[in-house]
Amino acid sequence: MNVLVINCGSSSLKYQLIDSESEEVLAKGLCERIGIDGRLTYQKAGLDKEITDAAMPTHKEAIQMVLDALVNEKTGAIKSLSEINAVGHRVVHGGEKFASSVVITEDVIKTVEECNDLAPLHNPANIIGIRACQALMPNVPMVGVFDTAFHQTMPAKAYLYGLPYEYYDKYKVRRYGFHGTSHDFVSKATAEYLGIDYNNSKIIVAHLGNGASISAVLNGKCVDTSMGLTPLEGLVMGTRCGDIDPSIMEFIAKKENLDIDGVMEVLNKKSGVFGMSGVSSDFRDLTAAREDGNEKAAMAIDVFCYRVAKYIGSYVAAMNGVDAIAFTAGIGENTQHIRENVLSYLGYLGINLDKEVNDSARGVEATISTPDSKVKVVVIPTNEELAICRETVRLV
Ligand code: AMP
């Protein structure tokens, strides 16, 4: 069957049409600047990208343009819309309400809406995307796949903060974690790749992209993850600060005369390796700047790697051991010097890096530890769209 995977943001929308049997991407692209002016990027498998500027006042017009492109006589991937058998929607926050993917009904949409204040920028956009698809494809079944669902197996000792319990009771303030679709996909793929029993394994997944998070997966269940109530906690990221002393917020607010929104803007958008280096949030730029002798870029890279290594150490403690560590996402899959830097802290685990394999592993599955290494270290490309497609097929 053909599954249309939709990942809707407030002014953008990414899509892929996937043939679930062959798992081939038939077409993919994105709509940008929705509500501003509008730009559609469309690429049929094997052909060049097409970019079209056209008005997209709302997500409905954007999705209509995607559907028109998919059935276009010359470059369409399908002949008619009846060839779209199901739609899988990425939904960012399912709170405590969703521990797995669900077929979307009116009740499900209402429940997602109840989680809106936990993800005020993302969930409303996800719902707009669902509504727009429903209006244009009223008879096609739709599935919601949540970024938070995989982490719902965490025990209370991992998800509770050291705050008054009433905040959890009243407002559900707790660790939720994100990138769950990726942690789920990559931890399973790691077990499969290494030929180990997923249900009897200790796997740490380092999803290192512009947003970055780590998870500890014990016997196929997430037991801890680095992102929290929001994606701001944990690792140092492209522009997010990750873990900091919460008192810094008050300190900076007073010094810089900022209100709470101003402080949050700094922590989310102006911090991380971007804020530390003053160069870029992109590791390709940071690496180039370091090679040119930029000390701040070098320091930002070191801070990033050191934090990843500390989290891995803490998750080895959480699981009382580790069988495999998987690197994934843009940086994890492509940047060998980051993997080498992180692993340089982990010799005590009996990890030996195969430098030659590590240096050549880019965007492909690879074992970058030597055969005698006590812990297997692998690169496993993530594929959130394929994971959403598989979940959609499973449910419809
Ligand atoms: P993501 O959020 O997973 O798309 O990852 C974005 C990050 O991955 C950026 O910091 C990029 O520098 C890095 N990245 C993506 N592709 C490559 C590549 N081919 N080589 C090096 N770094 C890459």
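Here, every reference points to the structure presented above.
Residues numbered from 1 in each chain as written. Predicted model: local features only at pLDDT ≥ 70, side-chain atom pairs only at ≥ 80, totals over all residues. Heavy atoms only, no water.

Visitor: Would you mind showing me how to read the sheet that holds strand E9 (residues 202–208) here?
Guide: For sheets, the rule is that strands pair by backbone hydrogen bonds, running either parallel or antiparallel. As summarised here, the arrangement of the six strands in space is E11-E10-E9-E12-E14-E13, forming an open sheet in which the pairing is mixed. Of all the strands in the sheet, just strand E11 (221–225) and strand E13 (366–367) have a single pairing partner and so form its edges. Each of E9, strand E10 (212–218), strand E12 (324–328), E13 and strand E14 (376–379) is contacted by helix H6 (residues 180–194), which is oriented at about 130 degrees to E9, the strand it contacts most. The sheet contacts of helix H11 (residues 295–319) involve E9, E10, E11 and E12, and relative to E10 the element is tilted by about 15 degrees. (Pairing = 2+ DSSP bridges. Helix = DSSP H or I, 4+ residues; strand = E, 2+ residues; numbered from the N terminus. Contact = heavy atoms within 4.5 Å. Axes fitted to C-alpha atoms, helices over the stretch in contact; angles between N-to-C directions.)

Visitor: Would you mind going over the pattern of salt bridges with me for this structure?
Guide: Pairs may arise between side chains of opposite charge once their charged atoms sit close together. Using the criterion set out here, one finds 17 salt bridges in the structure. The partner of Lys355 in a salt bridge is Glu340, and the shortest N-O contact between them spans 3.4 Å. Of this pair, Lys355 sits in helix H14 (residues 355–360) while Glu340 sits in helix H13 (residues 336–343), and the two are 15 residues apart along the sequence. Relative accessible area serves as the criterion here: at 28%, Glu340 is assigned to the partly exposed category. When salt bridges with common partners are traced through the structure, they connect Glu96, Lys172 and Arg174 into a single cluster. (Salt bridge = Lys/Arg side-chain N within 4 Å of Asp/Glu carboxyl O. Buried < 20%, exposed > 50% of the residue type's maximum accessible area, 1.4 Å probe, protein only.)

Visitor: Looking at this structure, I do not really get the nonpolar core. What am I missing?
Guide: Here is a general trend for soluble globular proteins: nonpolar side chains tend to be buried in one another's company. Grouped together as the largest cluster of nonpolar side chains are 46 residues, with contacts concentrated most on Leu208 and Ile325. Looking at this core, the elements with two or more residues in it are E9, E10, helix H10 (283–291), H11, E12, H13 and E14. Looking at this core element by element, the count peaks at twelve residues for H11. Leaving out residues up to four positions away in the same chain, Leu208 has contacts with Leu235, Phe304, Val308, Phe327, Thr328, Ala329, Gly330, Ile331, Gly332 and Ile338. (Core = buried A, V, L, I, M, F, W, Y, C linked by side-chain atoms within 4.5 Å.)

Visitor: Just to check I follow, could you spell out the site of the ligand for this structure?
Guide: Around the ligand, the neighbouring residues are Gly209, Asn210, Ser281, Asp282, Phe283, Arg284, Ala329, Gly330, Ile331, Asn334, Thr335 and Arg362. Within the contact set of the ligand, an oxygen atom lies 2.9 Å away from a backbone nitrogen or oxygen of Gly330. Within the backbone of Ile331, an N or O atom sits 3.2 Å from an oxygen atom of the ligand. Here the ligand, which alone exposes 500 Å², has 69% of that area covered by the protein. When residues of the shell around the ligand are traced back to their parent elements, those giving at least two are H10 and helix H12 (329–334). The leading source of residues in the shell around the ligand is H12, at four residues. Split into classes, the residues belonging to the shell around the ligand amount to three nonpolar, six polar and three charged. (Near = heavy atom within 4 Å. Polar contact = N/O pair within 3.5 Å; in protein donor to acceptor, adjacent residues only side chain to side chain. Areas by Shrake-Rupley, 256 points an atom, 1.4 Å probe, with all protein chains shown as cover. Nonpolar A, V, L, I, M, F, W, Y, C, P; charged D, E, K, R; others polar.)

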